[in-house]
Structure formats: C-alpha cells, structure tokens
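One-letter residues, chain by chain:
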Amino acid sequence: MSDLSEKAAENIRLIREKRPLIHNITNFVVMNYTANVLLAAGASPVMAHAENEVEEMVSFAGSLVLNIGTLTDVWVASMLKAARKASMLGTPIVLDPVGSGATRLRTNTAREIITRARVTIVRGNASEILSLRGADSKTKGVDTIHSVDDAAGSGGELARELGLTLAITGPVDLVTDGLRIVKVENGHPLMPFVTGTGCSATAIIGAFAAVDPDPVTAAATALAFFGLSGEKAAEKAAGPGSFMIALLDALYNLTPEEIVSGCRIIQA
Amino acid sequence: MSDLSEKAAENIRLIREKRPLIHNITNFVVMNYTANVLLAAGASPVMAHAENEVEEMVSFAGSLVLNIGTLTDVWVASMLKAARKASMLGTPIVLDPVGSGATRLRTNTAREIITRARVTIVRGNASEILSLRGADSKTKGVDTIHSVDDAAGSGGELARELGLTLAITGPVDLVTDGLRIVKVENGHPLMPFVTGTGCSATAIIGAFAAVDPDPVTAAATALAFFGLSGEKAAEKAAGPGSFMIALLDALYNLTPEEIVSGCRIIQA
Amino acid sequence: MSDLSEKAAENIRLIREKRPLIHNITNFVVMNYTANVLLAAGASPVMAHAENEVEEMVSFAGSLVLNIGTLTDVWVASMLKAARKASMLGTPIVLDPVGSGATRLRTNTAREIITRARVTIVRGNASEILSLRGADSKTKGVDTIHSVDDAAGSGGELARELGLTLAITGPVDLVTDGLRIVKVENGHPLMPFVTGTGCSATAIIGAFAAVDPDPVTAAATALAFFGLSGEKAAEKAAGPGSFMIALLDALYNLTPEEIVSGCRIIQA
C-alpha cells in the first residue's frame, strides 16, 4: 500500500463516475479489445480516424490515444490533425509507438507526432522508447529486445529531452518525466500472450489521464491498475484465451479496496 | 408469451435452416464480434467493402447491413453503391447510424444513405435516431443522451416522414413504421459494457429481415431474441468479458421453447 | 500415432522455442483472433500492410501470410509488393484466397498473387481452391459448396499446374503438392461457427512453414495441430463463444505427448 495505490483507487473511481470519452486512433488488430478494455474500466471509448471528422471528435474527448500499430500515410495525417487539435485544446495525448525502431515508417511517424504535437505520455516497451532518441535499435516486431534496466538508465534523460512522460513497460514498468521515477510491479506473464495488452495499457493510461492532470501519477496508477487486473485474471485463467476474457471481468470488478491493497507502485 | 414471441422462434428457425448470407459493410471495431454473432445465430456473414466488389457481393445476399461506425469517404461511396444495388434488387437494407448527431460527417452520411437508397430499417439509440430529423442533438460518442420516451413521442412521425421502420434501442426498445408501435423489454444492463452489442443487434435485425418480409416484426423479434440471449448470458457472466462470450453461446443455444417463453414483445 | 504426428510435435516445439515472426497481411475481421491464435501457439505475429513498410517488415519474417478476406486494390498492391520481396528472400508465402470464386475481384486477386509471386502453400475450402483453376465455381460467401472429395480428384493436378502445395480444408483436410497426398482428420463441427477459424488455420500453417522447410509436412502438421486444439476446446465449450476462447487455451496448452497421440494424419 502506498499513496499512489490510493491515487489509483481514486482515479478509477473518477473514471467510473465521469465515464470520460476517450478518442482512439489505433490499429486494426486491437480496436475491439481496446474498446472493451476501456468500457470494462468505466470509460467511454470512441474510435474515429476520418481526416474530416477527427478534429470535431477530439473536441468532445477527455483524452486522445494514438497508436501506430497498422499505420498508413493517410492514418498518420489524421493522427497529426487530431493531435494538433488536442494540443490546442489542452487535451492530454497518449502515444503508443508500436514497432517504432522496426521499420522506418514507424520510427519516423512516432518521432513526427512527438515533434508536431504536444504529446503528454508515451507508452511503449524499452526498445520502442529507445528508438525515439535515434538509437539504431531494431525491434523484432512488437517484442522487446532491450531490458527495462537499459531504458531506466536513459529514460529520464530522454523524457527531459522530449519534454514528456515516458511509460516504459516490461516485467517491471517504469514511469518518468525526467524529474520523478516511479516503478510499477504489477502484471502477469500471460499478458504478452494476448495481442493488444500493451495497446490496452496505453488506452487505460488515456482514461486515467482524462481524470488525473499529473502525467506521472496518471500513467503509473493506470499501469498498476491494469497489471493488477491481469493478476486477478490469471487466477481464473486456463490459458491466454480465458485470461483475455477474465481480464475484462477484472477491470470491471476490481474494488477500491482491492486496488489499494494490490497495487505495487514504488516511488524511486 | 405472445404471437410475436412465436414469430421470433419461427424467424430463428428459418435462419438456422436457410443460413442467409448477410452482407455487412461495418466498422473496424465490431467486425469480428458481429460476424461471430451472426454465425452463432445461424446466419452466414460476409464483410466486403471494396467499391469494385460490393455490387456483386450484395447480389448474393439476403440482406445488406450498413454501419457508419468508423467511416471515411471511400467507405461511404461503397455503402451507397451497395445500397443502390440492394434497392434495385429489393434486398432489405438495415442501417446503423453509429454516432449520427455527434459529428457532421456521420450525420450527413446517415441522411445521405437514407435519401439515396431504399433503407428498410434503421437501428440506433434515441439520440442517433433523432439526429436523422435534423434536430440539433449531440450524441456523446455512441452513448445515449436522449431517453427512449423522447424518441417514442416523435418516432412514429419520423418513421412516416422517412418512409422506413425505426428500431430505437435502450433499456426498452421501440420499433415503429409510423403505423404500428412495438416495444421490446428484453436485454441486460451488461450489454452497454461490451463494444458492438448495438451494432450486433443491427446485424441480427439484418438476419431476421432476410427471412421475414415485415420490417416491424423482423426488427422487433430480432431485438427480443438478441436481448433474451443477453439475459441468458448474464446468468453465467462474472463481468463484461465472460458476458460477451456467453452471449455468443446463448445465441447458438436458445431453443424455440425458450424463445417463445422468454421474449417480451408488446404490441402497443 | 504416425511419423507425421511426431513431426507435428517437433514443429510446435520449434515454434515455441524460436518464436518466429509471422508477417500477416490479412482481413479486418480476423486480425485480432489470428494474432491471438499465433501468440497462443508460440509464434510472434505482426500485422503490417502499408505499401511503404511491407518490404522492410517481411525481411524480418519467418513467413508471409496473405489473406484476401476484406481486400481493396491498395491492399492488393501491398500484398504483391510483400510477396515479391518474400519470393526474392526465399521466405515461405502462405495464401488464403478467402471468397475466391465468389467475386471477380477476389478470384482475380488470388490468381494474380499466385502468378506474380512464388506462393508456397494455398489454404482454402474446396470451392476456393477449385476457383483457382478457372472452373466456373461460385462460392457462397466463405462457405463450401464443393466437397473435399471433388477437390481430392483434381487437387493433385492443380497443385502440379500451379507449382505449389494445396491445403484443402473441410470435414477432412487434404494436403498435396501433386506428388504426395496427406489427409488430416482432426477438427470439430463448432469450428465453422467461429469467424476466422479458416484464416487462423492458414496463419498457423504460416508458423509451421517458418520452422519446417517441407510445405506438405508443414501444412499437414499445422492443420492437425489446429484441429486437435479444436477437439480439446470442444470438451470445455458450451457453444461457439466459449469454444473460441478454449481454442486459444488449447493452442497454448497442448503438450508434445497430446499432439503425438491426438494428431490423425494419414499419408495416402
């Protein structure tokens, strides 16, 4: 138990009460699961990517979640348009640079979004995050090839350089804005066996950012809540299929008491 | 029990026997779940949206289901092309105006499809339906902000004006063609916590419309069957994840006897 | 038990050990489920379709899986680009000609991919496979209207003519390269009630082809493993929803011993 565990419970209470609209421009693979994750947690997801609609849609939203998983140029244009509008409105933007470092298109797109909009939080694995600084790392698809410890060393520096909060996920998650460092120990080994758990963690950060103005606590409490839901889900799971479904149930059912006692968030 | 409950059982019997092909042009978020819902109910779904394919595909179909959930201009063009072909062939068209009223793109598209094709049934929440008449309602994403009672008052008038059948869903569903009004009381509070349950209800209406030439009874019996499946699913569910899966099982398993005794359809 | 059952166990052991990257350019309906199927089996899926990314992505991959389920012209261009690159690299290409025979766009696309790239294995139902030879068969959506026996008669000839391995699935699956014929008897009647089981079988063939250089044994052992997982799933299923989830669990949990004893692969 910690102050941030209580913050996690408070944030989820606010989400369930206010049902913030989360505008997602995300990849085809995870759209359905991400929407279900947000609904189960109490938020109100909308997926909309048409260039002639995104500015209007994001103006209703509590946060904007961008995910470059199955991107093409026309989607990038819509992401940039939505991101600039959100920047003007002061709406939090959460970016998931899926596969950044693996192909030029993804690396360039992730960097372009960060350059051209006021991104609040970036959530990725260590390899994806490190690729944002121009290191010549190569991710193998969406898998991690660098350790979280690699990222911890340079994470704070990169966060300051980019002027945003980094949420670097792995067996242990690391959240830093360059001044503060928070570690989150929740999660379960079955998570990487379900597609979209990383993307869903990003979406959940979007929901938390819609009710918590501090990006570091929003990201850390979101990751702890999501990871704890994974732990609860694993108790009922016989494999990745039943785990994926039990995770939705857990996101919906976790009580404030369970959140306060179960979240393992360590302020370094 | 009512005549329409027996009609619901008869319609599902026909679907399971004939396995009508349902051509869906729908949104990315719900494609997978909608296809599984249709398969579980006994229908044969196909998703196809290429402008150079939709006319050929819809010519094989028992009905055409259009859903504007993640639309872009090129998808709208395909929807219109498929809808005009279906109109010529006398194939029923069911429209789901997801988010109509929330953005201009969606409102204009929903109205354009209704104007330029012979739409048989429109299924939406009260806010979406009311937006079709030019009222300046604003939906919050895909959520309802007007009550079904609001819609009931003006639903009949709007149905006559548009020359089609409206299926206005909410805690109680309302189906009207402007002459007849039918209420459906089936359903479960977990449904809004699963993405695509509204879109799936629309797809199920498409399956019923493929075997029942009366749009009012097709829509009402479809909604009762779908809502009843939700009730059965909730008996086994521990949250929205297990509910979503149990709903597919229930659609597949519901017997004629359960349908006749469980459907609550009231002719007003 | 047979030599090929032991080969199936060996192939799945290699997949779980090496976690080969499988590059999928597939349809919107099944992307999520296909990715989860590949993850559950131990492979590492990536979905990427941007024309300016596919050549780079496929160069990291152990195999390329192409699926024409919701194709449009721009996707076809990306498939061809990826396929030509894979051909140059000697990377196995597995094609799923979903709905080939039903519309001209699909039939022409399937044939064009086969003509312009070095496709290793084609997996489809009998109707789809037969459509590749210019027979005037018409598939009803993605359903089978020709029997596997029809296909068996002409399958070998067609495989030789096209210069590739055919995996023709149905109640009994048939794999042939025109010289050898293998039948696979695993599977379960609930499979056709879940969307994407055919597409997932194709993706699993992609995973097996990434570790087994013989297309005939790769396809046959993949289909046996996938079908056996369906049999295990059915033991725990109450309908197509719970079946779909239990299938993911089974893909993850099947042991080498279960695979050796459960696979029913017959060399004709």
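Everything below is about the structure shown above.
Residues numbered from 1 in each chain as written. Chains lettered and ligands numbered in written order. Predicted model: local features only at pLDDT ≥ 70, side-chain atom pairs only at ≥ 80, totals over all residues. Heavy atoms only, no water.

Undergrad: Could you clarify how one ought to interpret unusual backbone geometry in this entry?
TA: Both trends apply: most residues other than glycine have a negative phi, and most peptide bonds are in trans. All names here are of chain A. A positive phi angle is found at R19, which is not glycine, with a value near 50°. With respect to the secondary-structure elements, R19 resides in the loop between α1 (3-18) and β1 (21-25). A relative accessible area of 25% means that R19 is categorised as partly exposed. (Helix = DSSP H or I, 4+ residues; strand = E, 2+ residues; numbered from the N terminus. Buried < 20%, exposed > 50% of the residue type's maximum accessible area, 1.4 Å probe, protein only.)

Undergrad: Would you mind showing me how to read the interface of chain B and chain A here?
TA: It is common to give the size of an interface as the accessible area lost on bringing the parts into contact. Opposite the 30 residues of chain B that make contact, chain A presents 26 residues. Across the chain B to chain A interface the summed buried area is about 2,400 Å²; carbon plus sulfur atoms make up 60%. Of all residues in chain B, the largest losses of buried area upon contact with chain A belong to F28, V29 and F193 of chain B, amounting jointly to 22% of the total for that side. Applying the counting rule to chain B against chain A returns two salt bridges. The salt bridge partner of E53 of chain A is R106 of chain B, with a shortest N-O separation of 2.4 Å. (Contact = heavy atoms within 4.5 Å. Buried area = accessible area lost by both parts, 1.4 Å probe. Salt bridge = Lys/Arg side-chain N within 4 Å of Asp/Glu carboxyl O.)

Undergrad: Looking at this model, I keep getting lost on helix α5 (residues 104-116) of chain C. Mind explaining?
TA: Because each turn of an α-helix spans 3.6 residues, side chains separated by three or four positions in sequence point in the same direction. Compared with an ideal rise of 1.5 Å per residue, which puts 13 residues at 18 Å, α5 of chain C spans 18 Å between its outermost C-alpha atoms and is within 8% of the ideal. What α5 of chain C keeps buried is the set L105, R106, T107, T109, A110, I113 and I114 of chain C. (Expected span 1.5 Å × (residues − 1).)

Undergrad: Sorry if this is basic, but what is going on with the pattern of salt bridges here?
TA: Residue and element names in this part refer to chain A. Scanning all chains against the criterion turns up 32 salt bridges over all chains. Between R13 and E17 there is a salt bridge, with its nearest N and O atoms 2.9 Å apart. Taken together, the residues span about one helical turn, with R13 and E17 both in helix α1 at a distance of four residues. The partly exposed category is assigned to R13, whose relative accessible area is 41%. Overall, the relative accessible area of 52% leaves E17 in the exposed class. In this structure, a network of salt bridges that share partners links the residues E10, R13 and E17.

Undergrad: Sorry, what's going on with the environment of A218 of chain C here?
TA: All names here are of chain C. Turning to its location among the elements, A218 is positioned in helix α9 (residues 215-236). For the pair A218 and L4, spaced 214 residues apart in sequence, the C-alpha separation works out to 9.6 Å. The residues contacting A218, other than those within four sequence positions of it, are N11, F208, A209 and D212.

Undergrad: It is not clear to me how the environment of E6 of chain B should be interpreted in this structure. Could you clarify?
TA: Residues and elements named next belong to chain B. Along the chain, E6 falls in helix α1 (residues 3-18). Assessed through its relative accessible area of 43%, E6 is described here as partly exposed. Here the alpha-carbon distance between E6 and V260, two residues 254 residues apart in the chain, equals 5.3 Å.

Undergrad: What exactly am I supposed to notice about the interface of chain B and chain C here?
TA: Across the contact, 26 residues belong to chain B and 30 residues belong to chain C. Contact between chain B and chain C buries roughly 2,400 Å² in total, counting both sides, with carbon and sulfur atoms accounting for 60%. Across the contact surface, chain B and chain C share two salt bridges. Along the contact surface separating chain B from chain C lie eleven residue pairs in polar contact (both at pLDDT 80 or more). Contributions of two or more residues to the side of chain B that touches chain C are made by α2 (31-41), β2 (44-47), α3 (54-58) and α10 (240-253) of chain B. The greatest single-element share of the side of chain B that touches chain C, amounting to six residues, is contributed by α2 of chain B. Here the side of chain B that touches chain C is composed, by residue class, of 15 nonpolar, six polar and five charged. (Polar contact = N/O pair within 3.5 Å; in protein donor to acceptor, adjacent residues only side chain to side chain. Nonpolar A, V, L, I, M, F, W, Y, C, P; charged D, E, K, R; others polar.)

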